[in-house]
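Read off the chains here:
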Amino acid sequence: MIQTASPSRWKITFRWCSTSIRKEGKAVEFLKNGFADFGLNPIPPTVQGIRIHPLTTLKYVLLLSSTHPIYRRWKESNRFQLNWLLPYTQFIPSSSKIGYYRSWLQLAERGMRTIESPFFHTNSFYIEGSNAVGWIPEPSGRYLEANSGGRLGVIPLPGEKKGEFVPKLFWHERLENDPLHQWVRSKIISHASSMDLSKPLL
């Protein structure tokens, strides 16, 4: 899948290749032939001609309404157990099992009602007015919590239950020394290191 972002102030178009490890060959083809400028995946293609830069480690947190019984219980006791979630519905970003531990898959296997949806901000509107919960990268979760007017809360996962991974930015060597590509890469890498979602990328 190729996603295009076009910041109108500079008339620049970026083409992103976001694809699964099962479609590695397609990602390499897109990058090599100029159909995409960047790729992003925790497990990038490891083939000749592909340059890779690891970004900041991301970990998932649980997003839920601040009136949710589990959130109130966690605030009062500072304790949390995954099995508390089983009676509710969870929004999960992916059903993939590749790369890192995902608490939500364990819950789905145990019968928890599950909706697969990678649209974190959209999910938050439903979560805010219900007893559903959502799994979301921590920077996005903290941003939504801070800007919800107290209607959303975040629970960090305990120890071994943390789902965390290192996203990798990658591109084809044909763009290694391209000045514009270098500049954009530096902005992405700098922004990823701070994970401040209140500031624009460019």
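Residues take numbers from 1 onward in each chain, read along the sequence in its written order. With the structure being a predicted model, the display of local features is reserved for residues of pLDDT at least 70 and the display and counting of side-chain atom pairs for 80 or more, all residues being used for whole-chain, interface and lining totals. Think of the side-chain values as coming from all heavy atoms in the structure, minus any hydrogens and water.

**So, helix α5 (residues 138–146)**
Buried, partly exposed and exposed residues are distinguished by accessible area as a fraction of the type maximum, computed with a 1.4 Å probe on protein chains only: under 20%, between the cut-offs, and over 50%, respectively. Every helix listed is a DSSP run of H or I at least four residues long, and every strand listed is a run of E at least two residues long, numbered separately from the N terminus. Every buried residue belonging to α5 is among E138, P139, S140, G141 and L144, and all of these are buried. Packed against the buried residues of α5 are β5 (58–65), α4 (120–128), β8 (133–137) and β9 (152–156). The contact criterion used throughout is that any non-hydrogen atoms of two residues lie within 4.5 Å.

**Some points on helix α2 (residues 69–77)**
Within α2 the residues assigned to the buried category are I70, Y71 and W74. Looking straight down α2, one finds that the buried residues subtend no more than 100 degrees of arc, so they occupy a single side. Looking at α2, the residues exposed on the side facing more than 90 degrees away from the buried face are K75 and E76. Contacts from the buried residues of α2 go to β5, α5 and β9. Phi turns positive, to about 60 degrees, at N78, one or two residues after α2. The directions considered for the arc are those from the helix axis to the C-beta atoms.

**Side note on the pairing of β9**
The buried count for β9 comes to four of five residues, which makes it a mostly enclosed element. As judged from the five bridges shared by β5 and β9, these two strands associate in the antiparallel manner. Residue pairing in the sheet places L64 in a bridge with G153 of β9. Whether two strands pair comes down to DSSP finding at least two bridges between them.

**A look at the pattern of salt bridges**
One side-chain nitrogen of Lys or Arg within 4 Å of one carboxyl oxygen of Asp or Glu is enough to make a salt bridge. All chains considered together, the criterion is met by seven salt bridges. Note that E145 and R142 form a salt bridge whose closest N and O atoms lie 3.4 Å from each other. Placement of the pair is E145 and R142 together in helix α5, with a separation of three residues, close to one helical turn. Overall, R142 belongs to the partly exposed group, its relative accessible area being 34%. Overlapping salt bridges, with partners in common, bring together K59, E138, R142 and E145 in one network.

**Concerning the packing of aromatic side chains**
Any two rings among Phe, Tyr and Trp, with Trp reduced to its six-membered ring, count as a pair given centres within 6.5 Å; such a pair is stacked if its planes are under 30 degrees apart, edge-to-face if over 60, and tilted if neither. All told, the structure shown has seven aromatic pairs when counted by the stated rule. Between F30 and F35, the aromatic rings sit 6.3 Å apart at their centres with planes inclined by 85 degrees, giving edge-to-face as the arrangement. Seen in terms of ring centroids, Y60 and F165 are 6.1 Å apart; in terms of plane orientation they differ by 35 degrees. Their pairing is tilted. Placement of Y60 in strand β5 and of F165 in strand β10 (residues 164–165) is noted, with a sequence separation of 105 residues between them. The two residues Y60 and F165 agree in class, both being buried. These aromatic residues form a ring-pair network of at least three members: Y60, W104, W135 and F165.

**Quick notes on the confidence of the model for the chain**
For the chain, per-residue confidence averages 83 on the pLDDT scale, and residues scoring 70 or more make up 82% of the total. pLDDT is a per-residue confidence score from the predictor, ranging from 0 to 100. Throughout residues 1–6 the model reports pLDDT below 50, and contacts reaching past four residues in sequence, or to other chains, amount to 19 contacts.

**Considerations on the nonpolar core**
Buried Ala, Val, Leu, Ile, Met, Phe, Trp, Tyr and Cys residues that are joined via side-chain atoms within 4.5 Å together make up what is termed a nonpolar core. I70, F80, L85, W135 and I155 are the most contacted members of the largest nonpolar core, which totals 33 residues. At the level of secondary structure, the elements contributing two or more residues to this core comprise β5, α2, β6 (89–92), α3 (103–109), α4, β8 and β9. By residue number, the principal contributor to this core is β5, which donates six residues. In terms of nonpolar packing, the next biggest core, distinct from the first, is built from seven residues, F38, L169, V184 and A192 among them.

**Here's the deal with the side chain of H68**
Looking at the element boundaries, H68 is found in the loop between β5 and α2. Taking the relative accessible area as the measure of exposure, H68 reaches 0% and is therefore buried. In the analysis that follows, any N or O atom pair within 3.5 Å is treated as a polar contact, provided that within protein one partner can donate a hydrogen and the other can accept it, and provided that, for residues neighboring in sequence, both atoms belong to side chains. In terms of polar contacts, H68 uses its side chain to reach the backbone amide nitrogen of I70, at 3.0 Å. Beyond its immediate chain neighbours, meaning those up to four positions away, H68 contacts Y88, N131, A132 and V133.

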